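Report on the structure
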Amino acid sequence: MSRKPIGDIAAGRLAPDQLARNFDDIAPPLDRQAALLAAQRCYYCYDAPCVQACPTGIDIPSFIRRIATDNLRGAATDILSANILGGTCARVCPTEVLCEGDCVRNADSAKPVEIGALQRYATDWVFRDDARLFERAPDSGRRVAVVGAGPAGLACAHALARAGHSVTVYDAHDKPGGLNEYGIAAYKVPGFAQREIDWLLGIGGIRVECGKALGGALGLAQLRRDFDAVFLGVGLAGVNALELEGESLPGVRNAVDFIAELRQAPSFAALPVGRRVVVIGGGNTAIDAAVQSRKLGAESVTLVYRRGREAMGATRVEQEFAQSEGVHMVHWAQPRRLVSTDGVLTGVEVEYTQLDEQGRLLGTGDRELLAADSVLKAIGQVLVPAPLAGEGNQVLELARGRIAVNAQFQTSLDAVWAGGDCVGGKLDLTVQAVEDGKRAAHSIDHVLRQRGVRAA
Ligand SMILES: Cc1cc2nc3c(=O)[nH]c(=O)nc-3n(C[C@H](O)[C@H](O)[C@H](O)COP(=O)(O)OP(=O)(O)OC[C@H]3O[C@@H](n4cnc5c(N)ncnc54)[C@H](O)[C@@H]3O)c2cc1C
Ligand code: SF4
């Protein structure tokens, strides 16, 4: 789609070969020798802290031991039986605050075992060779609808199909994958999401219907009538607004839309990017929007966050990476006004902030104008509850803006489960969504088995 130029927002700021280098795999895979050396650093701890720190509880010492003996099939089975999206997680997990953050080798050598890289080494061949590691149980005759083909929905669908249930996955987008396909930074997962999904669907028993959104023609009440169980893995489809004057100006965009367009672009050279970009926010989305703007050739990228560095949602490693890519960070500042000339965005006025004695965030009154052709808003995603409406007095309860679930991921509606970002409460990370989907599937399977196998 060609877009009318706005301010100084233009495509092709860098040569195609430079763009290709900028978006190349950020963490190239280990070869066998490097993997064996990395594996040898593991102490195979008893009650290993790295396993406790992994939301999916992968048996890390076990898979590393198998790598050390060249048993890649065993290593991959260890990983993927705990985390069916272990290929993606090897690339996108913030390991510095999960498994590697808790590795005991931090204490004696200030360097953890490279668990993420080893996980990738152990699993890459599975997708390349389309290796079958799991078999589907005999058909149970039970049917489950999964809404949302993101990590939570896919993990749930795979575990249910493996248990013998027939699963139909509905997704509003044109492709499955959720934020793996439309959100995660392009340089973390180049060309990987759909390969992993193809492999995952190879278990059989899963039908994916894309371009079908819950709400309207596809109602929750209907799904509950047509299926034995429903799993909701709809993520957070809405975004918070700045609620500032000038927010509807051309050049002011949601960072998630910018990133989704980038992830789907047939060519990075055709993607328009501002010359001077200001990103508002302090989480993953803000960092990814800022770094990818730089990689597309923006001359200056400034990330504005209203609190200090330690309060940012992005990890310290991600912050340092953004700075190494030339992203300038302004802490303790919040946007107050989007400034334009003749309807064209020219800047963002920010006000510096501080905490008062009660820890409340206050403006200092000290303001500054940051020049900008493009402003990317990344101040949080929210659940869109309208499509989830129940029927009559059957209400899907929410808690703190997300779907309320019990420890088995059951919602307030009978035979409806939910997991992933749409339930929240823990980490909004791929690995947590996978764990939620997996645990919900086990609960659904348990309930369906109590009802007995139905003749197909
Ligand atoms: C920009 C960005 C970068 C990120 N980077 C990382 C990272 O590096 N590492 C990491 O671990 N995590 C990262 N995350 C977080 C991670 O992507 C999410 O936690 C994870 O994808 C949540 O999975 P999910 O299945 O719950 O939801 P999603 O991935 O959001 O999937 C939800 C799916 O539901 C579908 N859907 C929504 N509404 C409807 C409807 N009404 N009807 C039908 N379908 C619907 C959507 O189309 C989507 O496919 C990032 C998030 C963002 C936004
Ligand atoms: S904590 Fe580190 S050394 Fe111990 S088992 Fe895990 S990876 Fe190996």
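Shown above is the structure to which this text applies.
Residues numbered from 1 in each chain as written. Chains lettered and ligands numbered in written order. Predicted model: local features only at pLDDT ≥ 70, side-chain atom pairs only at ≥ 80, totals over all residues. Heavy atoms only, no water.

**Some details on the site of ligand 2**
The immediate surroundings of ligand 2 are formed by Cys-42, Tyr-43, Cys-45, Ala-48, Cys-50, Pro-61, Cys-103, Val-104, Arg-105, Val-113 and Ile-115. When grouped by side-chain class, the residues that make up the shell around ligand 2 number ten nonpolar, no polar and one charged. (Near = heavy atom within 4 Å. Nonpolar A, V, L, I, M, F, W, Y, C, P; charged D, E, K, R; others polar.)

**A word on the site of ligand 1**
Taken together, 32 residues sit near ligand 1, with Val-92, Asp-171, Lys-188, Leu-214 and Asp-421 positioned nearest. For ligand 1, an oxygen atom lies 3.1 Å from a polar atom in the backbone of Thr-430. Summarising the interface, the protein chains cover 94% of the accessible area of ligand 1, which totals 1000 Å² for the free molecule. Looking at the shell around ligand 1, the elements that each hand over two or more residues are helix H10 (151-162), helix H15 (284-296) and helix H17 (430-451). Looking at the shell around ligand 1 element by element, the count peaks at three residues for H15. When grouped by side-chain class, the residues that make up the shell around ligand 1 number 14 nonpolar, twelve polar and six charged. (Polar contact = N/O pair within 3.5 Å; in protein donor to acceptor, adjacent residues only side chain to side chain. Areas by Shrake-Rupley, 256 points an atom, 1.4 Å probe, with all protein chains shown as cover. Helix = DSSP H or I, 4+ residues; strand = E, 2+ residues; numbered from the N terminus.)

**Here we look at the side chain of Thr-56**
Take Thr-56: it is sitting in the loop between helix H3 (49-53) and helix H4 (60-68). Beyond its immediate stretch of four places on either side in the chain, Thr-56 contacts Ala-82, Asn-83, Val-431, Val-434, Glu-435 and Lys-438. (Contact = heavy atoms within 4.5 Å.)

**So, the packing of H4 against helix H5 (residues 72-82)**
Two numbers describe how H4 lies on H5: the axes approach to 8 Å, and their chain directions differ by 165°. Overall, the two elements H4 and H5 adopt an arrangement that is roughly antiparallel. Here H4 runs over H5; the crossing is left-handed. Touching Ser-62, Phe-63, Arg-66 and Ile-67 of H4 are Leu-72, Gly-74, Ala-75, Asp-78 and Ile-79, all from H5. Of the residues that constitute the contact of H4 with H5, the class distribution is five nonpolar, two polar and two charged. (Axes fitted to C-alpha atoms, helices over the stretch in contact; angles between N-to-C directions. Parallel < 35°, antiparallel > 145°, perpendicular 65-115°, else oblique. Left-handed = near helix turned anticlockwise from the far one by under 90°.)

**What about the nonpolar core?**
Of all hydrophobic cores here, the largest spans 69 residues; its most connected members are Ile-60, Phe-63, Ile-67 and Leu-118. It is H10 that provides the largest number of residues to this core, a total of eight residues. Leaving out residues up to four positions away in the same chain, Ile-60 has contacts with Cys-50, Val-51, Cys-54, Cys-99 and Ile-115. Judged by nonpolar contacts, the second largest core, of 30 residues, contains Ala-185, Ala-290, Val-291 and Leu-303. (Core = buried A, V, L, I, M, F, W, Y, C linked by side-chain atoms within 4.5 Å. Buried < 20%, exposed > 50% of the residue type's maximum accessible area, 1.4 Å probe, protein only.)

**Remarks on the sheet that holds strand S12 (residues 333-341)**
Spatially, three strands are ordered S12-S13-S14 in an open sheet, and the strand pairing comes out antiparallel. The strands lining the two open edges of the sheet, one partner per strand, are S12 and strand S14 (361-371). Between one strand axis and the next, the sheet turns through 25° on average, direction left out of account. As paired strands, strand S13 (residues 344-355) and S14 are joined by eight bridges and run antiparallel to one another. Bridging from a neighbouring strand, Val-348 pairs with Leu-370 of S14. (Pairing = 2+ DSSP bridges.)

**Some remarks on the environment of Glu-96**
With respect to the helices and strands, the residue Glu-96 is situated in the loop between helix H6 (86-92) and helix H7 (99-102). Measuring from C-alpha to C-alpha, the distance between Glu-96 and Glu-114 comes to 10.0 Å, with 18 residues separating the pair along the chain. If we ignore the near neighbours within four places in the chain, the residues touching Glu-96 are Gly-101, Thr-315 and Val-317. A distance of 2.6 Å separates polar atoms of two side chains, one belonging to Glu-96 and the other to Thr-315.

**Some words on unusual backbone geometry**
Here Asp-70, not a glycine, exhibits a phi torsion of approximately 60°, which is positive. In this fold, Asp-70 is placed in the loop between H4 and H5. Non-glycine residue Trp-332 carries a positive phi angle of around 55°. As for its position among the elements, Trp-332 is in the loop between strand S11 (327-330) and S12.

**Describing helix H12 (residues 193-201)**
Two residues of an α-helix separated by three or four positions point the same way, owing to the 3.6 residues in each turn. By the burial criterion, the buried members of H12 are Ala-193, Glu-196, Ile-197, Trp-199 and Leu-200. Looking down the long axis of H12, one finds its buried residues gathered within 160° of arc, a one-sided arrangement. (Arc of directions from axis to C-beta.)

**Quick word on helix H14 (residues 255-264)**
Buried within H14 are the following residues: Ala-255, Phe-258, Ile-259, Ala-260, Leu-262 and Arg-263. Those residues of H14 hidden inside the fold are in contact with helix H11 (179-182), H12, strand S7 (252-254), H15 and strand S15 (374-377).

**Topic: the pattern of salt bridges**
All chains considered together, the criterion is met by 28 salt bridges. Salt-bridge contacts for Asp-130 lead to Arg-132; the nearest nitrogen and oxygen are separated by 2.9 Å. For Asp-130, a relative accessible area of 43% corresponds to the partly exposed category. Taking relative accessible area as the criterion, Arg-132 reaches 30% and is therefore assigned partly exposed. A salt bridge links Glu-435 to Lys-438, with the nearest nitrogen and oxygen atoms 2.9 Å apart. Separated by three residues within a single helix, Glu-435 and Lys-438 lie in helix H17, roughly one turn from each other. In this structure, Glu-435 and Lys-438 share a single accessibility class: buried. Taken together, the shared-partner salt bridges connect Asp-8, Arg-13, Arg-275 and Glu-299 into one network. (Salt bridge = Lys/Arg side-chain N within 4 Å of Asp/Glu carboxyl O.)

**Structural notes on the sheet that holds strand S9 (residues 276-280)**
Pairing within the open sheet is parallel, and its five strands lie in the order S7-S15-S9-S10-S11. Strands at the two margins of the open sheet, each flanked by one partner only, are S7 and S11. Ignoring which end each strand starts from, the neighbouring axes of this sheet average 25° apart. Strand direction decides the pairing type here: strand S10 (residues 300-304) and S11, joined by four bridges, are parallel. The residue bridging Val-304 from the neighbouring strand is Val-330, located in S11. The strands touched by H14 within the sheet are S7 and S15, with S7 carrying the most contacts at an inclination of about 75°. Across the sheet, H15 lies against S9, S10, S11 and S15, angled at about 170° from S10, the strand it touches most.

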